[in-house]
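Coordinate inspection notes
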Amino acid sequence: MDYSRLSFWHESVGDLEPSPTPKAHGRYDVIILGGGFTGLWTGIYLLRKEPKLKVAIVEKEIAGFGASGRNGGWCSSLFPWSASQLERKYGFEQAVALRRAMVKTVAEVGRISKELGIDCDFRQAGTYTLIRSDAQAKKARHELEQAGRFGVDELKLLPIESAPQASKSMGAVFDPGCAAIHPAKLVRGLARVFRKLGGHLFEKTEVTGFEAGQVETSRGLMSTSWIVEALEGYRSALPGMKRDSIPIYSLMIATEPIDPKLLDEIGIFDGATFADFRQLIVYGQRTKDNRIAFGGRGAPYHFGSKVSQEYEQVPRIHQNIERYLFDMFPQLAGTRISHRWGGALGVKRDWMASVRVDRASKICHAGGYVGDGVGTSNLFGRSLADLILGIDSPESRLCFVGHESKKWEPEPLRFLGARSAVLAASIADEIEGVTGRQSPLSKVVASLTGK
Ligand SMILES: Cc1cc2nc3c(=O)[nH]c(=O)nc-3n(C[C@H](O)[C@H](O)[C@H](O)COP(=O)(O)OP(=O)(O)OC[C@H]3O[C@@H](n4cnc5c(N)ncnc54)[C@H](O)[C@@H]3O)c2cc1C
């Protein structure tokens, strides 16, 4: 496979050669399934704390093949559940503790990637969430109120003249808790560091099954004390896991490089990330080489939680994403789109991310990030490493540890629920775009997405 064709990020990273793949056998202390951010951060924190551990990562393609290599590059303090959702389930103090940990995580990714010698274009220039209708203004007020109540996130309301110059702009909410990164540079760098620390990286090796103490792979049977399952959007392809989390596709485009002066004039400064308050999430960043990498949801869920590379190219959705970008910033009209790609997110039934450790079987799991895994996977990696090593730390006591979501419904109910959520969100956006007022469908979207 030509991995450089997976996304703009893969094409621009260079080093995509899989490591030499010996037969997978032998005994390990920890075997991690999946070579994305979750698997690599967990492996690296384990080895930094206990250099003598024998840790392996088993990856079907190459490290960074999945969402970790192809995302929007928002290393943000966003978490799938809002602070109020966390408060309802776990109380005010736990909600505040998690918000604080997420804000610190953005700085930790910047700090540790530098310490590890990984240049991933980390630039913490914050996120501008544009307000482009009365309905969006209502959501913005709600977010500002919530941030004020919990007292952690330093959100600021910007007037029109200080916000990026978007069409229909009524201003923006600025959140300093986000850095733009080049995700493939980070994930491939982490793979190099993992190997340098003595980790065993088995690329081009598929996990076909696992149970306490052993992992069955396309290159042999491996035995282990601990197993960490970190397959995220691909979990449902393993036997018996179709209802644990479902793959939802997010698609992206990248423009050709744009005159930096034009981007500065618009107010999309170096390293800035941006979105608006629509239902069907969109996300953009100005890349180091002055492109706009821009993505959005809306791609269809496939019956039976099926994952396939063909679902990463949906011309209708790529066209919608392109249209949203130029509708938001008409100043960019005529800019050529150079790349179109997509990838699978992992979504649990209650849309909450979790770290789970079963001390009896020694099987662990981390994931369910929806679209917020770039920062969160670093926090989960630290938490999981401490839990496995029996270290009592603030990270190992956060409320996502041990959280259980109920399972997704059997088909065809799962299909109907997932497709309805996307449809309701797109119709609500259309209505709100035309009337400017909040659509009653937004309540349906909230209930279908666990809000
Ligand atoms: C288009 C897109 C945009 C996104 N944008 C953002 C963003 O801007 N900010 C943000 O915070 N989050 C974003 N996300 C989400 C974020 O990228 C993910 O949450 C995060 O990368 C998940 O990391 P992971 O290691 O858990 O999973 P992955 O990176 O998906 O890693 C799982 C790995 O498992 C491997 N694998 C699969 N099956 C097997 C098997 N049988 N055996 C062995 N290996 C296997 C895969 O090849 C893959 O490398 C985005 C996701 C997508 C798809």
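Our subject in this report is the structure included herewith. Remember, predicted model here, so these are calculated numbers, not experimental data.

**Section: the overall build of the protein**
Within the protein, the secondary structure is distributed over 12 helices and 18 strands. At 21 Å, the protein has a C-alpha radius of gyration in line with the 22 Å of a compact globule built from 451 residues. A principal-axis box enclosing the C-alpha atoms of the protein has dimensions of 60 × 45 × 40 Å. Considering only residue pairs separated by 6 or more positions, the protein has 77% of its internal contacts joining residues 24 or more positions apart. For the protein, the accessible surface area stands at approximately 18200 Å², while carbon and sulfur atoms represent 54% of it.

**Things to note about the site of the ligand**
If you check the shell around the ligand, you find 36 residues, and the closest are Thr38, Glu59, Ser68, Val207 and Val374. Within the contact set of the ligand, a nitrogen atom lies 2.8 Å away from a backbone nitrogen or oxygen of Val207. Protein coverage of the free-state accessible area of the ligand, which is 1000 Å², stands at 97%. Put simply, the parts of the chain that give the shell around the ligand at least two residues each are helix 2 (37-49), helix 3 (67-70), strand 12 (246-255), strand 16 (337-347) and helix 10 (373-389).

**Describing the pattern of salt bridges**
As a working rule, side chains carrying opposite charge can pair if their charged atoms are close by. Per the counting criterion, the structure on display carries 29 salt bridges. A salt bridge links Arg336 to Glu256; the nearest nitrogen and oxygen atoms lie 3.5 Å apart. Highlighted residues: Arg336 in the loop between helix 9 (315-328) and strand 16 and Glu256 in the loop between strand 12 and helix 8 (260-266), separated in sequence by 80 residues. Judged by relative accessible area, which is 28%, Glu256 ranks as partly exposed. The salt bridge partner of Arg349 is Glu409, with a shortest N-O separation of 3.0 Å. With Arg349 in the loop between strand 16 and strand 17 (354-358) and Glu409 in the loop between helix 10 and helix 11 (413-435), the pair connects residues that are 60 residues apart, well separated along the chain. Among the residues examined, Arg349 registers a relative accessible area of 21% and is labelled partly exposed. Take Glu409: its relative accessible area is 23%, and that puts it in the partly exposed class.

**Description of the state of the cysteines**
One pass over the full model with this rule turns up zero disulfides. Its sulfur unpaired, Cys75 is 7.1 Å from the next cysteine sulfur, which belongs to Cys178.

**Considerations on the packing of aromatic side chains**
For the coordinates displayed, the defined rule picks out 16 aromatic pairs. Plain terms: the ring middles of Phe303 and Phe415 are 5.7 Å apart, the flat faces sit at 55° to each other, and that makes the pair tilted. Residue Phe303 is located in the loop between strand 15 (292-296) and helix 9, and its partner Phe415 is located in helix 11; the two are separated by 112 residues in the primary sequence. What links up through ring pairs into an aromatic cluster is the set Phe79, Tyr369, Phe380 and Phe400. When the ring centre of Tyr28 is taken as reference, the NZ or CZ atom of Lys54 above it lies at 4.6 Å. Above the ring of Trp408, the side-chain terminus of Arg349 is found at 5.2 Å from the ring centroid.

**Thoughts on helix 10**
Spanning 17 residues, helix 10 covers 23 Å between terminal C-alpha atoms, matching the ideal 24 Å at 1.5 Å per step. For helix 10, the buried fraction is high: 16 of the 17 residues fall into the buried class.

**Quick notes on unusual backbone geometry**
A cis geometry characterises the amide bond from Glu411 onward to Pro412, with omega recorded as 10°. Along the chain, Pro412 turns up in the loop between helix 10 and helix 11. Here the phi dihedral of Asp121 falls at roughly 55°; this positive angle occurs in a residue that is not glycine. By the element assignment, Asp121 lies in the loop between helix 5 (92-115) and strand 4 (127-130). Its identity is not glycine, yet Lys204 carries a phi of approximately 55°, on the positive side. As for its placement among the helices and strands, Lys204 is situated in the loop between strand 8 (200-202) and strand 9 (207-211). Its relative accessible area of 34% is what places Lys204 among the partly exposed residues.

**A closer look at the pairing of strand 13 (residues 273-276)**
The alternating pattern of strand 13 places Thr273 and Ala275 and Phe274 and Asp276 on opposite faces, both of which are buried. Where strand 4 meets strand 13, four bridges bridge the pair, whose relative direction is parallel. Residue Thr129 lies in a different strand from strand 13, and its bridge partner there is Ala275. Where strand 13 and strand 14 (residues 282-286) come together, two bridges link them in antiparallel fashion. The partner of Thr273 across the bridge, within strand 14, is Gln285. Taking the residues between adjacent antiparallel strands as the criterion, strand 13 and strand 14 are bridged by five residues.

About the criteria used
- Residues numbered from 1 in each chain as written.
- Predicted model: local features only at pLDDT ≥ 70, side-chain atom pairs only at ≥ 80, totals over all residues.
- Heavy atoms only, no water.
- Helix = DSSP H or I, 4+ residues; strand = E, 2+ residues; numbered from the N terminus.
- Rg over C-alpha atoms; globule rule 2.2 N^0.38 Å.
- Contact = heavy atoms within 4.5 Å.
- Areas by Shrake-Rupley, 256 points an atom, 1.4 Å probe, with all protein chains shown as cover.
- Near = heavy atom within 4 Å.
- Polar contact = N/O pair within 3.5 Å; in protein donor to acceptor, adjacent residues only side chain to side chain.
- Salt bridge = Lys/Arg side-chain N within 4 Å of Asp/Glu carboxyl O.
- Buried < 20%, exposed > 50% of the residue type's maximum accessible area, 1.4 Å probe, protein only.
- Disulfide = S-S within 2.5 Å.
- Phe/Tyr/Trp six-rings, centres within 6.5 Å; stacked < 30°, edge-to-face > 60°.
- Lys NZ or Arg CZ within 6 Å of the ring centre and 35° of its normal.
- Expected span 1.5 Å × (residues − 1).
- Pairing = 2+ DSSP bridges.

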